[in-house]
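Structural features, examined
Spelled out, the chains give:
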Amino acid sequence: MTDYTVLIVDDEENMRQILSRLLTAADYSVFTAANAIDAIEIFRQHDISLVISDLVMPRTGGLALLDMLKEIDPSVLVIIVTAYGTVDTAVAAMKKGSYDYVLKPFDN
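Note that this is a predicted model, so its numbers are computed, not measured. (Residues numbered from 1 in each chain as written. Predicted model: local features only at pLDDT ≥ 70, side-chain atom pairs only at ≥ 80, totals over all residues. Heavy atoms only, no water.)

1. Brief notes about the pairing of strand E4 (residues 77-82)
With five of its six residues buried, E4 lies for the most part within the structure. Both E4 and strand E5 (residues 100-103) contribute to a ladder of four bridges, which runs parallel. Directly across from Thr82, in E5, lies its bridge partner Leu103. Chirality of the crossover, the property in question, places the unit of E4, helix H4 (residues 87-95) and E5 among those that are right-handed. (Buried < 20%, exposed > 50% of the residue type's maximum accessible area, 1.4 Å probe, protein only. Helix = DSSP H or I, 4+ residues; strand = E, 2+ residues; numbered from the N terminus. Pairing = 2+ DSSP bridges. Right-handed = clockwise from strand over helix to strand, strands pointing away.)

Structure, rendered in structure tokens:
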């Protein structure tokens, strides 16, 4: 078992389950959250190595979540995943400190 813990944040349950299965099979510990509020709570309670977040979510989107996470821990690694990618949102995510920006569908 690795010492790495991943937090998956996506409002789509199917995407959370798919990513969770892939990462668990690769020996990562995984937490999931359906929204940014739950994600922040989990992030504060556990030693999270990486956050994988959807860009477009109800109420609080991935870029706002990225800001909140970086405020708590500026060194946290965050990957933004989206089906609605644009150059503008990719640039915004990277400027805010996203580690990567991945378009759905992606190659496992």
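2. A word on the sheet that holds strand E2 (residues 29-33)
Ordered in space as E2-E1-E3-E4-E5, the five strands form an open sheet in which the pairing is parallel. Among the strands making up the open sheet, the edge pair consists of E2 and E5. Each neighbouring strand pair of the sheet contributes to a mean axis angle of 20°, computed without reference to strand direction. One ladder, built from four bridges, connects strand E1 (residues 5-9) with strand E3 (residues 50-54); its direction is parallel. Paired with Ile8 across the strands is Ile52, a residue of E3. Together, E4 and E5 form the strand contacts of H4, whose direction differs from that of E5 by roughly 150°. (Axes fitted to C-alpha atoms, helices over the stretch in contact; angles between N-to-C directions. Contact = heavy atoms within 4.5 Å.)

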